[in-house]
Amino acid sequence: MTQGLPSVLIVDDEEVVRDSCSHALAKVGYAVDVAEDGTVGLEKVEHLKPDLVLLDLKMPGMSGMDVLTKISEIDPNIVTVVITGYATVSSAVEAMKRGAYDFLPKPFTPDELRIIVKRGVEKRRLVLETQALQEERDLMKRNFITMVSHELRTPFAAILQYFEVILGGAAGEVPPEQRQILERMKIRIQGLLTLTRDWLNLAQIEKGKLVEKFQDLDLAPIISETVDLMREEAEAKKVTFDINLPDPLTTIRGDMRTLNQVFINLIANAIKYNVEGGKITITGREDDSNVLIDVSDTGIGISEKDLPFIFDEFYRVRTNGREGTGLGLSIARKIVEAHSGSISASSELNKGSTFVVSLPKARE
Ligand code: ADP
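Values in this document were obtained by computation on a predicted structure and should not be read as measured data. (Residues numbered from 1 in each chain as written. Predicted model: local features only at pLDDT ≥ 70, side-chain atom pairs only at ≥ 80, totals over all residues. Heavy atoms only, no water.)

Draft legend 1. Quick look at the pairing of strand E10 (residues 290-297). With seven of its eight residues buried, E10 lies for the most part within the structure. Of the strand pairs in this sheet, E10 and strand E12 (residues 352-360) are connected by seven bridges, and their pairing is antiparallel. The residue of E12 that forms the bridge with Val291 is Leu359. (Buried < 20%, exposed > 50% of the residue type's maximum accessible area, 1.4 Å probe, protein only. Helix = DSSP H or I, 4+ residues; strand = E, 2+ residues; numbered from the N terminus. Pairing = 2+ DSSP bridges.)

Here's what the structure looks like:
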């Protein structure tokens, strides 16, 4: 619809219905296409992405109901109007339940057809317009946050340095009561600095420049180095590591710096959300086309209700005072997806969580 005439696909086994509807609609400025059965209809829906489908419910071969379900799988925003016989009002109701926008009982006049199609196409236009506005609003919001993060990063870093100077005693003796308050202020500023840094990281990945930096990589040393980096943090909580990485792992194509970030984020969480004296198990394995890394912990776990949302930006749960921005997992997911891979999580409350990173093997 965005380019030119609104388009309508008529799926009906009766040639006379196809012809008369085509005629009635083409006359008032619709781009019309026809299909004689459900199979051809679905091919055309897939290919043409029409604004509206006029669908006969009673056709030989694939049933109209099945076609209806498949259309909404292809694109839930395509408006469907079903054509029904007098005796099949109940199937019209069933069709509406399956997402049809309206129904047209047979026999109908060209005017009745045009009124219903006009309304359907108008609805489609409004849905698309709303979607475009929402996308634009989201983009503006993201750009705004990125701009603000940019602006705030430098002053936050400067404030943090002043805190270091004052707390270090370089600006004179700090009485203990003031030191306590200043320490708390410093932690807050540190949190804000991390938040701006994380957001800017996320915005950077979205720019999609990562592929240019891809090289053949073995994940085993990358993960081992990350573990070494985080050992001190783990030891402070008496958390131990159990690493099972075949050496070498099959090569993948990727960017070392950002993949490092993925494992830093996952391991940092596995420590942060672990229990005192807990364990982190990291296992490398592979299937036909992917290298898979499991990062498991024995921590507090994530409830079934929260699990679907943990990769969303700013989503935080059950943090019990643990510091964080709610961006670590969304950054990890963005990076992995920029590598054409996937990341998933499974968890059981009070038992622990497992995150699985899957990255495609480099082609020979
Ligand atoms: P945060 O900065 O809050 O850690 P993340 O994006 O890294 O943000 O994680 C989002 C939320 O998912 C966390 O707030 C936490 O509730 C949950 N979560 C992430 N990793 C784990 C884990 N290993 N065990 C339990 N909960 C976790």
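Draft legend 2. Representation of the environment of Val239 within the structure. Structurally, Val239 can be placed in the loop between helix H7 (219-236) and strand E7 (240-244). Here the alpha-carbon distance between Val239 and Leu25, two residues 214 residues apart in the chain, equals 70 Å. Apart from the residues within four sequence positions on either side, Val239 is in contact with Ala234, Asn274, Val275, Gly278, Lys279 and Ile280. (Contact = heavy atoms within 4.5 Å.)

Draft legend 3. Representation of a nonpolar patch on the surface. On the surface, Leu192, Leu195 and Phe314 cluster together into a nonpolar patch covering about 230 Å² of accessible area. Note on placement: Phe314 falls in the loop between E10 and helix H9 (328-338). Using a relative accessible area of 40% as the deciding quantity, one classes Phe314 as partly exposed. (Patch = residues over 30% accessible without salt bridge, like charges linked within 9 Å, V, L, I, M, F, W, Y side chains within 5 Å. Areas by Shrake-Rupley, 256 points an atom, 1.4 Å probe, with all protein chains shown as cover. Salt bridge = Lys/Arg side-chain N within 4 Å of Asp/Glu carboxyl O.)

Draft legend 4. Region of interest: the sheet that holds E12. Judged by pairing direction, the sheet is mixed, and its five strands sit side by side in the order E7-E9-E10-E12-E11 without closing on themselves. The sheet is open, and its two borders are formed by E7 and strand E11 (342-348), each paired with just one other strand. The sheet shows a mean angle of 15 degrees between the axes of neighbouring strands, taken without regard to direction. Here E7 pairs with strand E9 (residues 279-286) via five bridges, running parallel. Residue pairing in the sheet places Thr240 in a bridge with Lys279 of E9. (Axes fitted to C-alpha atoms, helices over the stretch in contact; angles between N-to-C directions.)

Draft legend 5. Quick peek at the environment of Pro107. Inspection of the secondary structure assignment puts Pro107 in the loop between strand E5 (102-105) and helix H5 (110-167). A relative accessible area of 63% means that Pro107 is categorised as exposed. The spatial distance from the C-alpha of Pro107 to the C-alpha of Val291 is 60 Å, given a sequence separation of 184 residues.

Draft legend 6. The arrangement of the site of the ligand in detail. Around the ligand, the structure places 19 residues, and the nearest of them are Tyr273, Arg316, Val317, Thr325 and Leu329. Between Arg316 and the ligand, the recorded distance is 2.5 Å, taken from a side-chain N or O atom to an oxygen atom. The backbone of Gly328 places a nitrogen or oxygen atom 3.2 Å from an oxygen atom of the ligand. In isolation the ligand exposes 530 Å². Once the protein is present, 98% of that is buried. Among the residues making up the shell around the ligand, the classes are represented as eight nonpolar, eight polar and three charged. (Near = heavy atom within 4 Å. Polar contact = N/O pair within 3.5 Å; in protein donor to acceptor, adjacent residues only side chain to side chain. Nonpolar A, V, L, I, M, F, W, Y, C, P; charged D, E, K, R; others polar.)

Draft legend 7. Structural context of the domain arrangement of the chain. On domain assignment, one finds that the chain holds domain 1 (7-132), domain 2 (152-206) and domain 3 (215-360). For domain 2 versus domain 3, the separation of C-alpha centres amounts to 27 Å. Overall, the association of domain 2 and domain 3 removes approximately 870 Å² of surface from exposure, summing both partners, and the carbon and sulfur fraction of that is 77%. Across the contact surface, domain 2 and domain 3 share zero salt bridges. Seen at the junction of domain 2 and domain 3, the total is one residue pair in polar contact (both at pLDDT 80 or more). Of the residues belonging to the side of domain 2 that touches domain 3, the class tally is five nonpolar, two polar and two charged. (Domains from an automatic or database assignment. Buried area = accessible area lost by both parts, 1.4 Å probe.)

Draft legend 8. Seen up close, the sheet that holds strand E1 (residues 7-11). As summarised here, the arrangement of the five strands in space is E2-E1-E3-E4-E5, forming an open sheet in which the pairing is parallel. Two strands lie at the open edges of the sheet, namely strand E2 (31-35) and E5, each paired on one side alone. Each strand axis lies, on average, 20 degrees off the axis of its neighbour in the sheet, ignoring direction. Pairing of strand E3 (residues 52-56) with strand E4 (residues 79-84), which is carried by five bridges, proceeds in the parallel orientation. When the sheet's bridge partners are listed, Leu54 is paired in E4 with Val81. Running over the sheet, H5 touches E1, E3, E4 and E5 and is turned about 170 degrees from E5.

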